[in-house]
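# Report on the structure
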Amino acid sequence: MITEVMARYGELSTKGKNRKLFIKQLGKNVEEALSAYSNLIIKAHRDRLHIELNGEPYEEVLERLKTIFGIQTISPVIKVEKTIEQASKAAISLMEETHQPGQTFKITARRADHDWDYETNEVNRIIGQAVTEAFPGIKVKMKNPDNNIRVEIRLDGIYLSSNSIKGAGGLPSGTSGKGMLMMSGGIDSPVAGYYALKRGLELEAVHFHSPPYTSPQALQKAKDLTEKLVRYSRPTTFIEVPFTEIQETIKKYVPQGYVMTITRRMMLRITDQLREKRNGLAIINGESLGQVASQTLESMAVINEVTTTPILRPLITTDKNDIITVAQNIDTFELSVLPYEDCCTIFSPPKPRTKPKLAHVLETEGKLDVEGMVQRAVDGIKVERIQLNQTQEAKQKAIFEDLF
Amino acid sequence: MIYFDNSATTEMALPVLDSYTKVSQQYYANPSSLHEKGETAASLLDQSRKRVAKLLGVSSEEIVFTSGGTEGDNWVIKGTAFEKMTYGKHLITTSIEHPAVLEAYRQLERMGWDVTYLPVDETGIISLIDLKSAVKKETVLVSVMAVNNETGSIQPIEEIGEYLKAYPTVHFHVDAVQAIGKVPVKLGADSRIDMAVFSAHKFHGPKGVGIVYVKKGKKLSPLLSGGGQEGNQRSGTENLPGIVSATKALNDVLQSASEDRRKMMEMITTLKHYLSQLNKVNVYTPETHAPHILCFGIRNIKGEVVVHALEKHGITVSTTSACSSKKQAESSTLLAMGIAKKQAETAIRVSLSRNNSMEEMEKFIESFEVVYRGFYGIH
C-alpha cells in the first residue's frame, strides 16, 4: 500500500554553499545502501529525498534508511489519484499501519493545486470523517495528536503521509573526508567509529594482528565489527597489520613498565603512515579518559608525541556505561565481549606505567629498529573490502543452508 | 505396509536423516570448545535456535533444546515446582495428560505438593468452571495438553490462557507434542502460554530431541546441572545432529502444514463416515478433534486383538498410546471420559501423518471390513 518513502534532511540544510555537495553525497549513499532493490526510484530534492517503492518492500527499505546518517525523519507516503474517495482510503490504510486503540489523530491538508474541487477545510473534514468511521471510538485532537496524517494536494496527485519516523541524524558519510579507525575488537572502538561516521567521516579500519598470540577468531571479530559499522556508512576498507614481530621485539627489549606505551606508539606510527599513504586526514580511536593505563593524560601525551595528525577521540569524556548502551544500540556489544585475546591484552605487563616519561621512552626506542619495524608492518598489510552481510555469521549461514 | 501409528512416532524424513548424517560427520566438534571447529558447531547451534524460534514465532532466547517431550514436560513441571516452592505448592493439571506429565505430577504429589487433577467431560474436554474453582493463592502451575494423544481431543487453550491472564504469576504449561503441525498453538508475547513442549520424532525428525519454549522472564529451576549449556537451563553436551535435523524437520512440516491438515482431515472424515455405518463400532474421538487421530473400538473385541488382526493385512495401528499399550493398561483418557473399563479395552487408535494417502485409507477400510466381518460372525 505504501507507495513512497520521504526522508527529510537534517542539519545539512543549513550548510550554505556546501549543501548541494551534501545532498548529492547523501543521495549516493542512499542509492548504494538500497542498491539491492532495483525497482526503487530515488530522487534527492532540495529539502527532501523521495523514494518511490515500485513494489519493493517498504519495511525493509525503511529499516535500511533508519541507519543512514544525514536523514532526520522518514515518513511513509501513499500517492493516489486526485479523488477524495481515494484519499480517504489511503488515510485509513496509513492509520492501520500505526494506530493503537485509544489514540488520537488529525488530518492536516495542504493544497498546492488551488484549482482542486475541495478546499483545505473540506478535505480535513471529509477525510477525518472517513477515518472516524473506520476506527470506531477514535478521537480527533488538534494539538499533539498521536497520528497526524498530512494530505498534500499537488498537480500530479494526492500525497498522504503519516507521522515521521526518527532517522539516524548526523551528516552524510563521506562529506567530512576520510579517517583511519583503530579497531581493536573491544567495546569502545566500534562505538568511536560509529560517532565518527555520524559526523560524516568515511572510515578505514586498522586492526593489529599478532598470530599465533591472537587467534583467527579475534581477527574475524574485528572484521565482523567493521561490518556492523557498514550499516551506517558504505562498504569499508579493513586493513590487517602484521604485528607479531613488533610485539615479540618489544617483549624482549623493553622494560615491563614501558611495554604498553611503546606498543601504542608503534601502532600509532603505523596507522599514521597508512593514513598518509591512503589520503586520510585523521586518526580515530576509542580512548576514554582514565579508563586504562594508556588513557591517562600523561600516557596520551607520550603516545601522541609520534605524530601531529589530528587524533579524534569521540569517547574521550564518555562513561563506560554510556558507551555500552550505545554499543548495544548499534549491535556491536555482543560481538565485542566475545572472549578472544587481542593484541592489547597479550604480553600486557601487570603494572604498566600510568605516567610514562618521554625521555625514558625515547631512550629505549633508540635501541630498537623502529623505522624498519614500522616499514615491514606497513609493507605487510592485507587490505580487504568489508560489505554488508559478509560477517562470519552470514557466511556460515550460507554454508549451513543445505542442512536446514 | 500401511503405517497408521504416527502419534506413537513417525518415520524420519530422508532429507532430515541426510542433515543428521552431515552434521554428525562434518560438525562433530563440541559447541563449547574454543577452537574453530567448536566455534563453527556453536554457530550452527545458534542458527538452529534462531530458525526454530522464527518458525514458532518467538525469540531465540526462549528456545531450549532437550532430549525429548518427556524431559521437556518433566523439566517444566518440576522446574516450576522447585523454582516456586517458596511461593506456593499447589499445581493443577488434567486427568488426561500424557504419562510424562501425569507421572511427574504424581511424583511431586508424593513429595508433598498439592495437585488438582481436573476431570474431563464425555468428550474429553476440561471445563473452565472446574479450572476457575481450582485456582487458588498457592497455585504456581497449570499444565494442559493441547491435543490428546489417544483421542485427538483439543483443549480450549486460548480460553484457559484468557482466564489465567488474571493470574500472571501462575506458569501456564502446554504439552504441544501432538499439536505441532496439526493444531495451531499460538506462542509469543500476545499468548498467555509460558511454556510449550515439543518432540521432534513426532514430526518426522530424529528421536531424542525435544524443544521447550520458555517465555522471556519466566524462570525454571534446571533439572540437569553441569556444564551450563542451553543458557544454564539444561546442561549436557548439545545433540547437534539431532537439533539441526529436528530444525529441518520442523521447517518442512510447518511449510506444508495447512495442506497436510486438510489431507489428513479428509482421510479421517472418510474413515469416520465408514465407521458410522457399522453398528458394533464405537467412536471415542469427539466431534471436534485434531486432524490426524481417530480412536474407536469394536464392541466386545479387545483392542489388542484388532491390532494383531490388522497387522496380518499389513496395517500398523495402536491400542491407544504406545506408552501404555505394552503394559496392557487400558486407556486412561477413555476412563477419564467416563467410559467403562471393559469398553475402553476395545479401543484402537488410527493416527496419520503427512506421509499417508487416501489410497491407504481406502485399503485400511477394506481390510477393517474383513476383520470386522470376521468378528461379527463369532459374536
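Sequence order as written defines the numbering, with residues in each chain counted from 1. Ligands are numbered from 1 and chains lettered from A, in the order in which they are written. Thresholds applied to this predicted model are a pLDDT of at least 70 for local features of residues and 80 or more for the giving and counting of side-chain atom pairs; totals over whole chains, interfaces and linings are not thresholded and use all residues. Side-chain numbers come from the whole structure's heavy atoms, not from hydrogens or water.

## Some remarks on helix α8 (residues 240-255) of chain B
Residues spaced three or four apart along an α-helix face the same direction, because each turn holds 3.6 residues. The terminal C-alpha atoms of α8 of chain B, which comprises 16 residues, lie 22 Å apart, in line with the 22 Å expected from a rise of 1.5 Å per residue. Here a polar contact is taken to be a pair of N or O atoms separated by no more than 3.5 Å, where protein atoms must pair a possible hydrogen donor with a possible acceptor and residues adjacent in sequence count only if both atoms sit in side chains. The helix and strand labels rest on DSSP assignments: H or I over at least four residues marks a helix, E over at least two residues marks a strand, and numbering proceeds from the N terminus. The N-cap of α8 of chain B, judged by a side-chain oxygen 3.0 Å from the amide nitrogen of Gly242 of chain B a few residues on, is Asn239 of chain B. For a helix, the expected span equals 1.5 Å multiplied by the residue count minus one.

## Quick word on the interface of chain B and chain A
Should any heavy atoms of two residues lie within 4.5 Å, those residues are counted as being in contact. Listed by partner, the interface residues are 20 residues for chain B and 11 residues for chain A. Throughout, buried area stands for the accessible area (probe radius 1.4 Å) lost by two parts on being put together, summed over both. Taken over both partners, the interface formed by chain B and chain A buries close to 1,400 Å², and the fraction arising from carbon and sulfur atoms is 52%. Should a side-chain nitrogen of Lys or Arg be within 4 Å of a carboxyl oxygen of Asp or Glu, the pair is scored as a salt bridge. Summed over the shared surface of chain B and chain A, the result is 2 salt bridges. A salt bridge links Arg51 of chain B to Glu401 of chain A, with the nearest nitrogen and oxygen atoms 3.0 Å apart. If you look at where chain B meets chain A, you find 4 residue pairs in polar contact (both at pLDDT 80 or more). Within the residue set of the side of chain B that touches chain A, elements represented by two or more residues are α1 (14-26), α2 (36-56) and α8 of chain B. Per element, the largest residue contribution to the side of chain B that touches chain A is 10 residues, and it comes from α2 of chain B. The residue makeup of the side of chain B that touches chain A, split by class, is 5 nonpolar, 8 polar and 7 charged. When residue character is reported, Ala, Val, Leu, Ile, Met, Phe, Trp, Tyr, Cys and Pro are called nonpolar, Asp, Glu, Lys and Arg charged, and the others, Gly included, polar.

## Describing the environment of Tyr194 of chain A
Residue and element names in this part refer to chain A. Within the element layout of this structure, Tyr194 appears in helix α5 (residues 188-198). Exposure classes here rest on a 1.4 Å probe applied to the protein chains alone. A residue is buried below 20% of its type maximum, exposed above 50%, and partly exposed in between. Given a relative accessible area of 12%, Tyr194 falls into the buried group. Sequence separation between Tyr194 and Val230 is 36 residues, and the spatial gap between their C-alpha atoms is 9.5 Å. The residues contacting Tyr194, other than those within four sequence positions of it, are Phe69, Leu229, Tyr232, Val326 and Ile330.

## Things to note about the packing of aromatic side chains
Residue and element names in this part refer to chain B. Aromatic rings from Phe, Tyr and Trp, with only the six-membered ring used for Trp, were paired whenever their centres fell within 6.5 Å, and each pair was classed as stacked if the ring planes differed by under 30 degrees, edge-to-face if by over 60, and tilted otherwise. Taken as a whole and judged by the stated rule, the model has 15 aromatic pairs over all chains. Taking 5.9 Å as the distance between ring centres and 50° as the angle between the ring planes, the aromatic pair formed by Phe82 and Trp113 counts as tilted. One end of the pair, Phe82, is in helix α3 (residues 69-83); the other, Trp113, is in the loop between α4 (99-110) and β4 (114-118), and 31 residues separate them in sequence. For Phe82, a relative accessible area of 29% translates into the label partly exposed. Note on geometry: a ring has a charge over it if NZ (lysine) or CZ (arginine) is within 6 Å of the ring centre and within 35 degrees of the ring normal. Directly above the aromatic system of Tyr87 lies the positively charged group of Lys84, at a separation of 5.8 Å from the ring centroid. In this arrangement the basic side chain of Arg373 is found over the ring face of Tyr376, its NZ or CZ atom lying 5.7 Å from the centre.

## A closer look at the pattern of salt bridges
All names here are of chain A. Overall, the coordinates contain 40 salt bridges over all chains when judged by the stated rule. With a closest N to O distance of 2.7 Å, Glu32 and Arg234 form a salt bridge. Within this pair, whereas Glu32 is found in helix α1 (residues 19-33), its partner Arg234 is found in the loop between α6 (216-230) and β12 (236-242), the two being separated by 202 residues in sequence. Under the relative-accessibility criterion, Arg234 is labelled buried at 19%. Arg48 is paired through a salt bridge with Glu152; the nearest N and O atoms lie 3.9 Å apart. Residue Arg48 is located in strand β3 (residues 48-52), and its partner Glu152 is located in strand β7 (residues 147-154); the two are separated by 104 residues in the primary sequence. For Arg48, a relative accessible area of 18% gives the class buried.

## Thoughts on the sheet that holds strand β3 (residues 90-94) of chain B
Residue and element names in this part refer to chain B. Two strands make a pair as long as DSSP finds a minimum of two bridges between them. Overall, mixed pairing links the 7 strands, which are arranged β2-β8-β7-β6-β5-β3-β4 in an open sheet. For this open sheet the edge positions go to β2 (63-66) and β4, each flanked by a neighbour on one side alone. Neighbour-to-neighbour, the strand axes of the sheet open up by a mean angle of 20°, direction not taken into account. When β3 meets strand β5 (residues 139-145), the two strands line up parallel, connected through 3 bridges. If you follow Leu91 over to β5, its bridge partner there is Leu141. Against the sheet, α3 contacts β2, β5, β6 (171-175), β7 (195-199) and β8 (210-214), and its axis sits at roughly 160° relative to β7. Here the axes come from fitting lines to C-alpha atoms, over the contacting stretch only for helices, and the angles between their N-to-C directions go from 0 to 180 degrees.

## Examining the nonpolar core
Nonpolar side chains tend toward joint burial in soluble globular proteins. Leu44, Leu56, Phe172 and Ile211 of chain B are the most contacted members of the largest nonpolar core, which has 64 residues in total. Ranked by residues supplied to this core, first place goes to α8 of chain B with 7 residues. Ignoring sequence-local partners within four residues, the contact set of Leu44 of chain B consists of Phe400, Leu403 and Phe404 of chain A together with Val23, Tyr27, Leu240 and Val244 of chain B. Ile74, Met95, Trp116 and Leu160 of chain A belong to the second-largest nonpolar core, a separate cluster that totals 46 residues. Throughout this description, the term nonpolar core refers to a set of buried Ala, Val, Leu, Ile, Met, Phe, Trp, Tyr and Cys residues connected via side-chain atoms within 4.5 Å.

## Some thoughts on the pairing of strand β4 (residues 71-80) of chain A
Residues and elements named next belong to chain A. Taken across its 10 residues, β4 has 7 buried, putting it largely inside the fold. Alignment of strand β1 (residues 4-9) against β4, held across 6 bridges, turns out to be antiparallel. Paired with Ala7 across the bridge in β4 is Ile74. In terms of strand pairing, β4 meets strand β8 (residues 157-161) through 4 bridges, oriented antiparallel.

## What to know about the confidence of the model for chain B
You can read pLDDT as the predictor saying how much it trusts each residue, on a scale of 0 to 100. When the pLDDT values of chain B are averaged, the result is 94; 96% of them are 70 or greater. For this predicted complex, the interface score ipTM comes out at 0.75, while the overall pTM is 0.68.

## Topic: the side chain of Lys84 of chain B
Residues and elements named next belong to chain B. With respect to the element layout, Lys84 can be found in the loop between α3 and β3. Buried charge Lys84 goes without a salt bridge, the closest partner of opposite sign being Asp194 at 7.7 Å. Look past the residues within four positions of Lys84 in its chain and what remains in contact with it is Val140, Thr169 and His171. Neither His nor the chain termini are counted; the positive set is Lys and Arg, and the negative set is Asp and Glu.

## A closer look at unusual backbone geometry
Residue Pro211 of chain A is joined to Pro212 of chain A through a cis peptide bond whose omega torsion reads 0°. Of note, Asn144 of chain A is a non-glycine position whose phi angle comes to about 50°, a positive value. With respect to the helices, strands and loops of the structure, Asn144 of chain A is situated in the loop between β6 (139-140) and β7. With phi around 70°, Asn300 of chain B is a residue other than glycine that occupies positive phi space. By the secondary structure assignment, Asn300 of chain B is in the loop between β10 (293-298) and α10 (303-311). Under the relative-accessibility criterion, Asn300 of chain B is labelled exposed at 54%.

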